[in-house]
Amino acid sequence: MLSPQVSKALNKQIELEGFSSQYYLAMASWAETQGLNGVSAFLYHHADEERLHMLKLIKFVNERGGHGVVPVLKQPPVTYKSVKSVFEEILKHEIKVTSDINGLVDATLKEKDYTTHNFLQWYVSEQIEEEALARQIVDKLKLIGDDKGGLYFFDRDLETMAIDSEKEDIKSKNKK
Ligand code: FEO
């Protein structure tokens, strides 16, 4: 059974993961209007992943006798300065998510809730990967600078990454 404190903290995380999904969805839609099909495919996929992060938390809270609350939709920014600024915002956002996950882990230790602590380890690992990927992409964009040809190939690379991730998802769904 979840303590009220842990339950509240998990619901706060549900809200943040839900917002992450909205945020990346807004970025994906903006990128699509700019003709950046690879960037938008990557971001649409990323938005789906964040929704799954939220769903996994909702289900866990409910399984443990709490109530996973579906959060209100907050509108993310509609337009973005550049592709580089999009990924810089993603990196900043993911650093915040990591810090909130760490706070959550801390709360479970204070409450001696080792089951939730164990469950959260998946999020701890996921955050290492998400931050590393965002950092890697920001570094790539710094190298590209204002080179339009470079941006074209970058867009194609992200399209390949999005397709590969979709294939991985299908493979892991079929295994279940
Ligand atoms: Fe679910 Fe990117 O944090």
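Residues numbered from 1 in each chain as written. Predicted model: local features only at pLDDT ≥ 70, side-chain atom pairs only at ≥ 80, totals over all residues. Heavy atoms only, no water.

### Brief notes about the overall build of the chain
Point 1. In terms of regular secondary structure, the chain is built from five helices and zero strands.
Point 2. A globule of 176 residues ought to have a C-alpha radius of gyration of about 16 Å, and the chain, at 17 Å, matches this closely.
Point 3. If one aligns the C-alpha atoms of the chain with their principal axes, the spans along those axes are about 55 × 35 × 25 Å.
Point 4. Considering only contacts in the chain between residues 6 or more positions apart, those separated by 24 or more positions represent 79%.
Point 5. A total accessible area of about 10400 Å² is found for the chain, and carbon and sulfur atoms account for 56% of it.
Point 6. With 23 positive and 28 negative side-chain charges, the chain shows a spacing of 3 Å between the two charge centroids. (Helix = DSSP H or I, 4+ residues; strand = E, 2+ residues; numbered from the N terminus. Rg over C-alpha atoms; globule rule 2.2 N^0.38 Å. Contact = heavy atoms within 4.5 Å. Areas by Shrake-Rupley, 256 points an atom, 1.4 Å probe, with all protein chains shown as cover. Lys, Arg positive; Asp, Glu negative; His and termini not counted. Charge placed at Lys NZ, Arg CZ, Asp CG, Glu CD.)

### As for the side chain of Asn11
Point 1. When you line up the elements, Asn11 lands in helix 1 (residues 4-33).
Point 2. At 2.8 Å, the side chain of Asn11 forms a polar contact with the backbone nitrogen of Val69.
Point 3. Apart from residues no more than four positions distant in its own chain, Asn11 is found in contact with His67, Gly68 and Val69. (Polar contact = N/O pair within 3.5 Å; in protein donor to acceptor, adjacent residues only side chain to side chain.)

### Side note on the packing of aromatic side chains
Two measures describe an aromatic ring pair: the distance that separates the ring centres and the angle between the ring planes.
Point 1. Within the structure shown, the criterion is met by nine aromatic pairs.
Point 2. Note on Trp30 and Tyr80: the rings are 5.8 Å apart at their centroids and 65° apart in plane angle, and the pair reads as edge-to-face. Placement of the pair is Trp30 in helix 1 and Tyr80 in the loop between helix 2 (37-63) and helix 3 (83-110), with a sequence separation of 50 residues.
Point 3. A network of ring pairs unites the aromatic residues Phe60, Phe119, Trp122 and Tyr123 as a single cluster.
Point 4. Of note, Lys56 hangs over the ring of Trp122, and the distance from its end group to the ring centre comes to 4.3 Å.
Point 5. Its guanidinium or amino end placed over the ring of Phe19, Lys74 lies 4.7 Å from that ring's centre, counting from NZ or CZ. (Phe/Tyr/Trp six-rings, centres within 6.5 Å; stacked < 30°, edge-to-face > 60°. Lys NZ or Arg CZ within 6 Å of the ring centre and 35° of its normal.)

### Things to note about the packing of helix 1 against helix 2
Helix-helix packing: each pair is described by the crossing angle between the helix axes and the interaxial distance.
Point 1. Running from N to C, helix 1 and helix 2 cross one another at 165°; their axes reach a closest spacing of 8 Å. In terms of axis orientation, helix 1 runs roughly antiparallel to helix 2. Between helix 1 and helix 2 the crossing geometry is left-handed.
Point 2. Classifying every residue of the contact of helix 1 with helix 2 by side-chain character gives 16 nonpolar, eight polar and four charged. (Axes fitted to C-alpha atoms, helices over the stretch in contact; angles between N-to-C directions. Parallel < 35°, antiparallel > 145°, perpendicular 65-115°, else oblique. Left-handed = near helix turned anticlockwise from the far one by under 90°. Nonpolar A, V, L, I, M, F, W, Y, C, P; charged D, E, K, R; others polar.)

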